[in-house]
Amino acid sequence: ASSLVVFISPPTPPGTMRALLACRSLPAWLSGCTFRVCGRQPGGRCGSSWHKPKGHPAGVQVYNSLTRNKEPLVLAEPVTASWYCCGPTVYDEAHLGHASSYVRFDILRRILTKIFGIDVIMVMVITDIDDKIIKRANELNISSTVLSRMYEEDFKQDMACLKVLPPTVYMRVTDNIPKIVAFIERIIHNGHAYSTSTGNVYFDIQSIGSQYGKFVGICADTAGETTAGDKKHIRDFALWKASKPNEPSWISPWGKGRPGWHIECSTIASSVFGNKLDIHSGGIDLAFPHHENEIAQCEAYHQCEQWGNYFLHSGHLHLKGSEEKMSKSLKNYITIKNFLEKFSADQFRMFCLLSKYRSAVEYSDASMAEAGNLLHSISAFIDDASAYMRGQLICPPVDETLLWERLNATKVNVQAAFADDFDTPGATDSIMNLIHHGNRQLQAVAKEGDYPRSPAVFGAIISYLERFLDVVGISLGQSQVVQAANQSSVTLHSVAEQLVGFRQEVRKYALAVDDQELASGEGRELSQEEKQKLRERRKQMLSERQPLLQACDLLRQDLRAIGINIKDRGATSSWEMMEQLTKVKVKPDY
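What counts as what
- Residues numbered from 1 in each chain as written.
- Predicted model: local features only at pLDDT ≥ 70, side-chain atom pairs only at ≥ 80, totals over all residues.
- Heavy atoms only, no water.
- Core = buried A, V, L, I, M, F, W, Y, C linked by side-chain atoms within 4.5 Å.
- Buried < 20%, exposed > 50% of the residue type's maximum accessible area, 1.4 Å probe, protein only.
- Domains from an automatic or database assignment.
- Axes fitted to C-alpha atoms, helices over the stretch in contact; angles between N-to-C directions.
- Helix = DSSP H or I, 4+ residues; strand = E, 2+ residues; numbered from the N terminus.
- Parallel < 35°, antiparallel > 145°, perpendicular 65-115°, else oblique.
- Left-handed = near helix turned anticlockwise from the far one by under 90°.
- Contact = heavy atoms within 4.5 Å.
- Nonpolar A, V, L, I, M, F, W, Y, C, P; charged D, E, K, R; others polar.
- Phe/Tyr/Trp six-rings, centres within 6.5 Å; stacked < 30°, edge-to-face > 60°.
- Expected span 1.5 Å × (residues − 1).
- Pairing = 2+ DSSP bridges.
- Polar contact = N/O pair within 3.5 Å; in protein donor to acceptor, adjacent residues only side chain to side chain.
- Disulfide = S-S within 2.5 Å.

Participant: So what's going on with the nonpolar core? Which residues, and what values?
Facilitator: Nonpolar side chains in soluble globular proteins generally cluster together in the buried interior. Core analysis: the biggest nonpolar cluster contains 130 residues, and Y84 and F348 have the highest contact counts within it. Both domains that meet at this core, namely domain 1 (56-362) and domain 2 (364-472), each give it at least three residues.

Structure (structure tokens):
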């Protein structure tokens, strides 16, 4: 049996260890371990201490899961934040649990950009190869590529319906396999991973000692530890998985296989941001082991002490009366499309504003009704204030001084709330309080009279309210009923993706003459006679394959006529819907 030290800040609440052992996000290897509570404070716990970054203050404090405290957000570059966000595993429709996390972080991103003037470079991974994807594809008797492309587009459509801003770039796992292989090779070279005779590669947790355990604070006592399978230690996790029959696989130095889950994010985040990342976000269930293992991999690869500076985690969404998070495995979920048949995107956004992003939130029809009522109150006040400004609503004299004071105080309070770990409930309370004071002044009179008027202050309030709504992504001027994306659009996207991918493979074959010519040389100097024969052979092959290239060109012309524009650039083809201008890159499998 293994012995683990688990960090929990004293005093330890009753039932803490029981709750930890019952946590669904902990890996299987914890089930056979004994635990003891480590009473050290953050900074002295396993996982080493956190170092405040040097750089440029953003003007906001964030709750950092690495320290379990609010910390000033300090960015590596002035007014620019590097942000990596864990994306979906695309094997089924997204549900409200996903929506809760993505909408909440979208609100945070908008606040950083529009309130604090921070340009956000956001990267999101699309996990398009995974056990769940393979299993679902087999059930439907389709390829994992077709399945993942279909649900990738479905996810993007859902996010658009919820008005979630797209990341700066989406990056698919299968488009980055060579980078992942190289990333693993370097970790092995640095002494933190090992390959096995079966073709698997594992991260050696023992090699990084106390650096492991930044979130849960698990310190390893390897004495008496038993191994599992071909691992050295039971807690080592997979970087590369040897291929199984009838599964997608790629060539690697360790044989055919596919990447492990955690290495995908480490590789893709590092390929864009290098050895320093400002912000990493995801649901709280991803903190351990996923984010813990991401950190271990990146710090082993970059040979650095602190790769990610701030980890932000959103709380679970669960149905009223249930303590379980909403998830597909528990079959207690509501799809985003089903939700949008009943409620609006703005209602859900207001629902998210009413709780702190890192707290658990309870979903029910009553909570959605509350969000809808608040939206109606804001809209009704703006309508009344606009009518007053136009002279269509006659009121007694207005306490203009009071309203200016309330408006200025609200601006200060909202700014302070946003600067305090994006306190959206506090900011929303300040907004509703301003509306309350405004409504008290807008008391219509039965008789018209020559009352003094104060339209300017109401104009200022309307302007501020609209700016607030714009910051958090709510647009009252638009219809409150947002329909789910048309399934035919998703189908068209998937068909185009497969067609362009097939065309690319044909074109690649037709152009692969030079590769065969090089292979014929086998690395030695060719004689003049051999070179002449190769030239003649190349000419003949080009002539034989010319019809394939002509067919590819004709298909490109035909697709352009119906709105699909293909651009060929070497081994990569990109395509776009000319009306939507949605660019998608298709790369060959490796």
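Still more to cover.
Participant: Could you give me a rundown of the packing of helix α12 (residues 424-441) against helix α13 (residues 455-472), with the residues and numbers involved?
Facilitator: At a minimum axis distance of 12 Å, the contact between α12 and α13 shows a crossing angle of 155°. One finds that α12 runs roughly antiparallel with respect to α13. The way α12 lies across α13 gives a crossing that is left-handed. Each of A427, T428, I431, L434, I435, G438 and Q441 in α12 lies in contact with α13, whose residues at this interface are F458, I461, Y464, L465 and F468. Grouping the constituent residues of the contact of α12 with α13 by class yields nine nonpolar, three polar and no charged.

Participant: Got a sec to walk through the packing of aromatic side chains? Specific residues and values, please.
Facilitator: Taken as a whole and assessed by the stated rule, the structure comprises 19 aromatic pairs. Centre to centre, the rings of W83 and F105 are 6.3 Å apart; their planes meet at 85°, and the pair counts as edge-to-face. With W83 in strand β5 (residues 80-85) and F105 in helix α2 (residues 96-114), this pair connects stretches of sequence that are 22 residues apart. Neither W83 nor F105 differs from the other in exposure class; each is buried. Cluster of aromatic residues (ring-pair linked, three or more members): F339, F343, F348, F351 and Y363.

Participant: Can you tell me about helix α6 (residues 261-273), naming the residues and giving the values?
Facilitator: Between its first and last C-alpha atoms α6 spans 19 Å; for 13 residues at 1.5 Å apiece the expected length is 18 Å, and the two agree. Those residues of α6 that sit buried are H262, I263, E264, C265, S266, T267, I268, A269, S270 and F273. Positive backbone phi, at 75°, marks G274, one or two positions downstream of α6.

Participant: Pulling in residues and values, what's your account of the sheet that holds strand β12 (residues 257-259)?
Facilitator: With antiparallel pairing, four strands are arranged side by side in an open sheet as β8-β9-β11-β12. Only two strands of the sheet have a single partner each, and these edge strands are β8 (193-195) and β12. Across the sheet, the mean angle from the axis of one strand to that of its neighbour is 20°, orientation sign disregarded. The sheet contact formed by strand β9 (residues 201-203) and strand β11 (residues 237-242) spans three bridges and is antiparallel. Residue pairing across strands places Y202 opposite A238, the latter belonging to β11. Contacts from helix α5 (residues 177-189) reach β8, β9, β11 and β12, with the element oriented near 125° to β11.

Participant: Got a sec to walk through the side chain of S101? Specific residues and values, please.
Facilitator: Relative to the assigned elements, S101 resides in helix α2. Given the relative accessible area of 12%, S101 is considered buried. A distance of 3.0 Å separates a polar atom in the side chain of S101 from a polar atom in the side chain of S314. Ignoring anything within four residues of it in the chain, the contact list for S101 reads G282, G283 and S314.

Participant: Could you give an account of the state of the cysteines, naming the residues involved and the relevant values?
Facilitator: All told, the structure shown has zero disulfides when counted by the stated rule. Among the cysteines around C85, which has no disulfide bond, C86 carries the closest sulfur, lying 6.7 Å off.

Participant: An account of the pairing of β11 is requested, with residue identities and associated values reported.
Facilitator: In the sheet, β11 pairs with β12 via three bridges, with the strands oriented antiparallel. Note on β12: the bridge partner recorded for K241 is R258.

Participant: If you had to explain unusual backbone geometry to someone new, which residues and values would you point to?
Facilitator: A cis amide bond links F288 to the next residue, P289, at an omega of 10°. With respect to the element layout, P289 can be found in helix α7 (residues 287-302). At D421, a position not held by glycine, the phi torsion is positive, near 55°. Looking at the secondary structure, you find D421 in the loop between α11 (400-419) and α12. A relative accessible area of 5% places D421 in the buried class. Phi angles above zero are rare outside glycine, and F422 is one such case at about 55°. Inspection of the secondary structure assignment puts F422 in the loop between α11 and α12. Residue class for F422 comes out buried when judged on its relative accessible area of 2%.

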